[in-house]
Amino acid sequence: MQTSPVTLMVFVSYFVVLIGISVYAYYRRKNAKNFSEEYYVAGRSFGPWIVAFMWATSWTSGGTFIGTPAVYYSMGWTALLWQAGAGVLGMIGMLAIGRRISRFAAEHNCVTLPDLFVERFQSRLMGIIAAISILVFGIAYMVSQYIAAARILETFIGMPYLWAIISFAVITGVYTCIGGIRGVAYNTLLQGIVMLGGSVIMVNAAGGLPEITRQLAQIDPNLVTPPGPKNFLPLPTAFSTFFILGVAVMAQPHVVTRIFTVKNMMSLKRAGALISLITLVWFMSLFVSALAARALIPQIDVPDRIFPTIVLKYSGNFLAGILLSAPFAAVMSTVSSLIISTSGAIMKDIYQRNFNPNASEKAIKTTSYIATVAISAIVMVLSFNPPKFLQDIVMFAISGFAASFTVPIILGFFWKGGTPMGGLLSMISGFVTLLVLYAQPNPNPLGFNPLVWGLVVSAVVMVVVSKVTKPNDSTFMAKIFE
Amino acid sequence: MQKTASKQGKSSYALSLKEFKFAFSSTMIYILLSCAISYVLGYNKPAGEITVIWGMPSWVLFGVVIPWVLMVLLTIVYGFFIMEGDEK
């Protein structure tokens, strides 16, 4: 596929702007008093718009523009039911837990998700296990993002896959290191607007809905009827997917920590409302674009390439350059959030808390940078041999986070009965249930996804174990539940 | 930091618990409704018998699009107008 010079120039200048923003954020940070507070949570200073866009672009990922349109394209109207979990993002991801989590985090100086568990359950072990889980699933997640980015570079610029991975790793690593969370935030705001604009333009290019639906029914009647082609989404799977692509958001370490950056309750409430609106517009417009693509191009060899293909084919040169950056925006914002979360897991939750509690500011700074670079390098190497199904890795990683952390968050912060042992075992049992089920030939007993089973097991373990083990100190509990 | 977060003098924990309950139950209702409506209007029918409204299959309109839009409206109304307490 031939990409015009104008498209390439727009695309490249976009990256120059991104790096510039990171440098600006670096200078803001240089003068900060507390490095960790600033690097990881930007001094808890963000208003509603920036939080909403950061949150939404951390959640939407390379999958949103590469794997997801491939699902829409291949499965037709049923894929909208698959996606409908997104309807609850603002409600469950922000409004449900926002006040409790942001306030607790501020009062106990938490900057990472494991910090929350360590402070709530007074268990350092829980912090370590949480950090390990974040490393394992976070790295899997990032691998999927690197591959998505490389696929775009491959399709658009014709860059060889290996080089695409390396250049992407270098750009993202550098920009996260320089900018920290503030850089990620400023960039994300810009990227979010680009994504929004890009999707809206695609809908315009798509043509009328009745005509599209008519064409789809002609290609294959299953494209308009559930469960979709090849029995894509039986009802129990549909039900499970609401949890993976909706409810699970409340337990994603790189998304939850966004709540820590909120300035005040006013910003938090507004951000929750904005998130639900932004994601509705994004997903609906992407969906309609992908359906239109199916009507226009009934056959494609690699469905993962459908978004790049329609952009290059159906929009002008200048527009294509901007639209090209949309998936990149999604990938980079997710990867840099994840790099911050995973390096935080190594740095704060494992190294500082257990080996060197009195580390100097300078030592913290150096180890944070080393952890950030090391993780980028590991992910880069793991991405050299791409696995086949991009969206599957994303769903696996999201489910892994959700199975480990959802119940400890809900029952730890909204139920007085949770004990340290209950929290620890519920986290481990959710995580183990998921891994065991994924290793089975039939990972979906009764048609329900491993995540649903993981959540059930984790909740039961939390309640039962908490009933029979020693609670936290009663003065401490009275204080945090007053 | 202020202990009382709302006009009625509720503690921050009491308020957050109330918000959690509301958000969690509305989420569950949304999921069940969406699955139930899609089942009745879509899963239950053979491929040829789907009616189309405004260019989309009726099961998608009533089972997915309308519930999703209503959920977004509820989130906006709840976030902007109903949730109490603006403390830091």
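Up top is the structure these notes are about.
Please read all numbers here as calculations on a predicted model, not as lab measurements.

The rules behind the values
Along each chain, residue indices are assigned from 1 in the same order as the chain's sequence is written. Both sets of labels track the order of writing: A upward for chains, 1 upward for ligands. Given that this is a predicted model, residues contribute local features only at a pLDDT of at least 70 and side-chain atom pairs are listed and counted only at 80 or more, while totals for whole chains, interfaces and linings are drawn from all residues. Note on conventions: DSSP H or I runs of at least 4 residues are helices, E runs of at least 2 residues are strands, and numbering of each starts at the N terminus. Counts of 20 or more other C-beta atoms within 10 Å of a residue's own C-beta define buried residues, counts of 12 or fewer define exposed ones, and intermediate counts define partly exposed ones; C-beta atoms are placed from the backbone. Here, residue contact means that the backbone-derived C-beta atoms of the two residues sit within 7 Å. The span one expects for a helix is its residue count, reduced by one, times 1.5 Å. To get an axis, fit a line to the C-alpha atoms, keeping to the stretch in contact for a helix; angles then go from 0 to 180 degrees between the N-to-C directions. The classification used treats Ala, Val, Leu, Ile, Met, Phe, Trp, Tyr, Cys and Pro as nonpolar, Asp, Glu, Lys and Arg as charged, and all other residues, Gly among them, as polar. Joining buried Ala, Val, Leu, Ile, Met, Phe, Trp, Tyr and Cys residues through C-beta atoms within 7 Å gives a set, and that set is a nonpolar core. By definition in this entry, angles of less than 35 degrees are roughly parallel, angles greater than 145 are roughly antiparallel, angles of 65 to 115 are roughly perpendicular, and the rest are oblique. The hand of a helix crossing depends on one turn: near helix anticlockwise from the far one by less than a right angle means left-handed, and clockwise means right-handed.

(A) Region of interest: the overall build of chain A. Across its full length, chain A holds 22 helices and zero strands. Taken over 482 residues, chain A has a buried fraction of 61%. Intrachain contacts of chain A at a sequence separation of at least 6 include 85% that bridge at least 24 residues.

(B) Fine view of the overall build of chain B. Secondary structure summary: chain B contains two helices and two strands in total. Scanning chain B from its N terminus toward the C terminus, one meets helices and strands in the order α-β-β-α. Burial statistics for chain B: of 88 residues in total, 35% are counted as buried. Considering only contacts within chain B whose residues lie at least 6 apart along the sequence, 49% involve residues at least 24 apart.

(C) Expanded view of helix H10 (residues 124–157) of chain A. Between its terminal C-alpha atoms H10 of chain A stretches 48 Å, which fits the 50 Å expected from 34 residues at 1.5 Å a residue. One or two positions beyond H10 of chain A, positive phi appears at Gly158 of chain A, with a value near 75°.

(D) Region of interest: the environment of Pro160 of chain A. Residue and element names in this part refer to chain A. Here Pro160 is to be found in the loop between H10 and helix H11 (161–206). Take Pro160: there are 11 C-beta atoms within 10 Å of it, and that puts it in the exposed class. Along the sequence, Pro160 and Ala150 sit 10 residues apart, while their C-alpha atoms lie 8.6 Å from each other.

(E) Geometry of the packing of helix H8 (residues 98–107) of chain A against helix H1 (residues 12–43) of chain B. Interhelical geometry of H8 of chain A versus H1 of chain B gives an angle of 145° and a closest axis separation of 8 Å. Contacts from Arg99, Arg100 and Arg103 of chain A of H8 of chain A reach H1 of chain B at Ser12, Leu15, Ser16 and Glu19 of chain B. When the residues that make up the contact of H8 of chain A with H1 of chain B are grouped by side-chain class, the tally is one nonpolar, two polar and four charged.

(F) Fine view of helix H5 (residues 67–75) of chain A. Residues and elements named next belong to chain A. Of all nine residues making up H5, eight are buried, and the element is well covered by its neighbours. Every buried residue of H5 is accounted for by Gly67, Thr68, Pro69, Ala70, Val71, Tyr72, Tyr73 and Met75. Taken from the residues just after H5, Gly76 is the one with a positive phi, measuring 70°.

(G) Highlighting the interface of chain A and chain B. Counting from both sides, the interface comprises 43 residues of chain A and, opposite them, 46 residues of chain B. The set of elements that each furnish at least two residues to the side of chain A that touches chain B consists of helix H6 (78–83), helix H7 (89–95), H8, helix H12 (209–219), helix H13 (235–244) and helix H15 (265–296) of chain A. If you tally residues by element for the side of chain A that touches chain B, the top one is H15 of chain A, at nine residues. When the residues that make up the side of chain A that touches chain B are grouped by side-chain class, the tally is 28 nonpolar, nine polar and six charged.

(H) Main features of unusual backbone geometry. All names here are of chain A. Residue Pro226 is joined to Pro227 through a cis peptide bond whose omega torsion reads 0°. Here Pro227 lies in the loop between H12 and H13. Not every positive phi belongs to a glycine, and Asn109 is a case in point at roughly 55°. Structurally, the position occupied by Asn109 is in the loop between H8 and helix H9 (113–121).

(I) Highlighting the nonpolar core. All names here are of chain A. Trp55 and Tyr146 are the most contacted members of the largest nonpolar core, which totals 169 residues. Tallying contributions element by element places H15 first for this core, with 17 residues. Beyond its immediate stretch of four places on either side in the chain, Trp55 contacts Met94, Val255, Arg258, Ala271 and Ile275.

(J) Up close: the environment of Ile398 of chain A. Residues and elements named next belong to chain A. Summarising the element assignment, Ile398 is placed in helix H19 (residues 390–414). Note: C-alpha distance between Ile398 and Val249 (149 residues apart in sequence) is 8.0 Å. Setting aside its immediate chain neighbours within four residues, Ile398 contacts Ile244, Ala248 and Gln252.

(K) Highlighting the packing of H5 of chain A against H15 of chain A. Residues and elements named next belong to chain A. Axis separation between H5 and H15 bottoms out at 8 Å; the angle between their running directions is 50°. One finds that H5 runs oblique with respect to H15. Crossing angle aside, the handedness with which H5 passes H15 is right-handed. Packed against H5, whose contacting residues are Thr68, Pro69, Tyr72 and Tyr73, the element H15 presents Leu286, Phe287, Ala290, Leu291, Ala293 and Arg294 at the interface. By residue class, the composition of the contact of H5 with H15 is eight nonpolar, one polar and one charged.

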